[in-house]
Amino acid sequence: MTAAAERGTTTVSQRAVRRIAERAATEARAGRVVGSAASVRGTSAEVSLRLTLPYPAPLADTVRHVQSHVTERTRRLTGLDVPLTRIGVTSLTPSATSAVPAREALPVAAGLRTPRRWWSTRGVPVALMAWAAAVGCGALAFDLFRVHLADRPAGAWRTGAVHWLSDHGPGDPAVVAGGALIALAGVWMILLALAPGRRQQWTVGTPAAGVTVAVDRSATANLVRDAVAAVDGVASARVRARRRRVTVRAALAFGDREAARAAVTAAARDALTASRLRRTPRLHVTVVPEPLWRPPHTPRHDAAPAPRQGAAAPAPSASRSGGAW
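These figures come from a predicted structure and were not determined experimentally.

### Brief notes about the overall build of the protein
Turning to step 1, where the next piece is worked out: For the protein, the helix and strand inventory stands at 7 helices and 8 strands.
Turning to step 2, where the next piece is worked out: Across the 325 residues in the protein, those meeting the buried criterion constitute 22%.
Turning to step 3, where the next piece is worked out: The contacts of the protein with a sequence gap of at least 6 include a subset with a gap of at least 24, amounting to 64%.
Turning to step 4, where the next piece is worked out: In the form shown here, the protein has an accessible surface area of approximately 22200 Å², with 59% of it arising from carbon and sulfur atoms.

Encoded structure:
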């Protein structure tokens, strides 16, 4: 009987793990894989996937399903332990098979109220304040330790600050300027504490209790633009999403202008309703005809009228190719 050490080893490459994870994500039918990465260390592997998910769909449930399926399939096919599978959603793609009627209401959990704005954690201001406090308190503590434990003289910066403050009163311009800066910093911190932040995101109503979902304005603008571009006669569309207003500007290539405006308005409103936003923004639609646009059922005058009897025929003129009279 051959010893286990003499039977050889099986090595699974990172590329094989990555391809298996991509295939597993495709089996879950969640969307399209746009990027993947894998790291193999001994008998364990870490997998990262970037996906485009269909819209509308329950994002949290879909991501959890893909994550569990990729982890289980990769572990079973490779024999490696997969303790971590990262899933990143890059975009939302409208899907006819997964779409729900725009006017259908979603069930809402009892006692659940989705906030209008998603409050920011203020990571950068908190980090700056923590860094400033750590530097100041650390320098003061170090100088006090030097004085009381090592019998060293106080730092020149601390004694200099004390002497300078003893020579300058409240009416000194430098003191007034410093107080103004401190007051502005206090007002800024109060505004950060009271304002929710994340102005580029809208909250979405969700039936799951304790789950808060937000979507970027750019994603909603892209959904509205795709819906408007599908209207007959619209050559192109530009959508701008603000905090409380969505502006749509559509270029009309053919068709009736008023009918196209009504169709564009309905398509944009249906896209906003399907987004399930906590607070639906106001909609402003503008339809601008393109330079080659003509009103419907307008006869083209490609030839000059026949001369009346007894009247002199008009002199021949140079023909215009490619244009309309």
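### What to know about helix α5 (residues 173-194)
Turning to step 1, where the next piece is worked out: Taking 1.5 Å of rise per residue, the 22 residues of α5 would be expected to cover 32 Å, and the 32 Å separating its terminal C-alpha atoms lies within 8% of that figure.
Turning to step 2, where the next piece is worked out: For α5, the capping residue at the N-terminal end is D172, with a side-chain oxygen 3.0 Å from the backbone nitrogen of A174.

### Structural notes on the pattern of salt bridges
Turning to step 1, where the next piece is worked out: Considering all chains together, one arrives at 9 salt bridges under this definition.
Turning to step 2, where the next piece is worked out: Between R73 and E27 there is a salt bridge; the shortest N-O distance is 3.2 Å. Note that R73 is positioned in helix α2 (residues 59-78) and E27 in helix α1 (residues 14-27), a separation of 46 residues in sequence.
Turning to step 3, where the next piece is worked out: On the basis of relative accessible area, E27 is assigned to the partly exposed category, the value being 35%.
Turning to step 4, where the next piece is worked out: A salt bridge links R76 to E72, with the nearest nitrogen and oxygen atoms 3.4 Å apart. Of this pair, R76 and E72 are both found in helix α2, 4 residues apart, which corresponds to roughly one turn of the helix.
Turning to step 5, where the next piece is worked out: A single salt-bridge network, built from bridges that share partners, covers E72, R75, R76 and D81.

### Details of a nonpolar patch on the surface
Turning to step 1, where the next piece is worked out: Residues M129, W188 and M189 make up a contiguous nonpolar surface patch of roughly 290 Å² in combined accessible area.
Turning to step 2, where the next piece is worked out: Looking at the secondary structure, you find M189 in helix α5.

### Details of α1
Turning to step 1, where the next piece is worked out: Here α1 is 14 residues long and its end C-alpha atoms lie 20 Å apart, about the 20 Å a rise of 1.5 Å per residue gives.
Turning to step 2, where the next piece is worked out: Its buried side turned inward, α1 meets β1 (32-41), β2 (44-55) and α2.

### A few points about the confidence of the model for the protein
Turning to step 1, where the next piece is worked out: With 75% of its residues at a pLDDT of 70 or more, the protein has an overall mean of 77.
Turning to step 2, where the next piece is worked out: Residue range residues 97-112 is modelled with pLDDT below 50. Its contacts to residues more than four positions away, or to other chains, number 26 contacts.
Turning to step 3, where the next piece is worked out: Confidence drops under a pLDDT of 50 for residues 313-325, and excluding neighbours within four residues, the segment shows 7 contacts in the predicted structure.

### What about the nonpolar core?
Turning to step 1, where the next piece is worked out: Of all hydrophobic cores here, the largest spans 23 residues; its most connected members are W202, V224, V228, V234, V246, V248 and V264.
Turning to step 2, where the next piece is worked out: With 6 residues, helix α7 (residues 257-274) is the largest single contributor of residues to this core.
Turning to step 3, where the next piece is worked out: Setting aside residues no more than four positions away along its own chain, V248 makes contact with V224, V228, R238, V239, V264, A268, L283, H284, V285 and T286.
Turning to step 4, where the next piece is worked out: Counting residues in hydrophobic clusters, the runner-up holds 15 residues, among them A38, L51, V66 and L80.

### Considering unusual backbone geometry
Turning to step 1, where the next piece is worked out: Residues other than glycine seldom take positive phi values, yet D151 does so here, at roughly 55°.
Turning to step 2, where the next piece is worked out: Tracing the backbone shows D151 in the loop between α3 (123-149) and α4 (156-167).

### Quick notes on the sheet that holds strand β7 (residues 245-252)
Backbone hydrogen bonds hold the strands of a sheet together, and the pairing may be parallel or antiparallel.
Turning to step 1, where the next piece is worked out: Sheet architecture is open: 3 strands sit in the order β6-β7-β8, paired in mixed fashion. Two strands in the sheet have a free side with no partner beyond their single neighbour: β6 (234-241) and β8 (282-289). Shown here is a sheet whose adjacent strand axes are inclined to one another by a mean of 15°, direction ignored.
Turning to step 2, where the next piece is worked out: Pairing between β7 and β8: 8 bridges, direction parallel. Paired with R245 across the two strands is R282, which belongs to β8.
Turning to step 3, where the next piece is worked out: Contacts from helix α6 (residues 217-229) reach β6 and β7, with the element oriented near 160° to β6.

### Describing the pairing of β6
Turning to step 1, where the next piece is worked out: For β6 and β7, the ladder comprises 7 bridges, and the chain directions are antiparallel. Bridging across to β7, A237 finds its partner in A250.
Turning to step 2, where the next piece is worked out: The antiparallel hairpin formed by β6 and β7 contains 3 residues in its connecting segment.

Quick notes on the rules
Residues numbered from 1 in each chain as written. Predicted model: local features only at pLDDT ≥ 70, side-chain atom pairs only at ≥ 80, totals over all residues. Heavy atoms only, no water. Helix = DSSP H or I, 4+ residues; strand = E, 2+ residues; numbered from the N terminus. Buried < 20%, exposed > 50% of the residue type's maximum accessible area, 1.4 Å probe, protein only. Contact = heavy atoms within 4.5 Å. Areas by Shrake-Rupley, 256 points an atom, 1.4 Å probe, with all protein chains shown as cover. Expected span 1.5 Å × (residues − 1). Polar contact = N/O pair within 3.5 Å; in protein donor to acceptor, adjacent residues only side chain to side chain. Salt bridge = Lys/Arg side-chain N within 4 Å of Asp/Glu carboxyl O. Patch = residues over 30% accessible without salt bridge, like charges linked within 9 Å, V, L, I, M, F, W, Y side chains within 5 Å. pLDDT = per-residue confidence, 0-100. Core = buried A, V, L, I, M, F, W, Y, C linked by side-chain atoms within 4.5 Å. Pairing = 2+ DSSP bridges. Axes fitted to C-alpha atoms, helices over the stretch in contact; angles between N-to-C directions.

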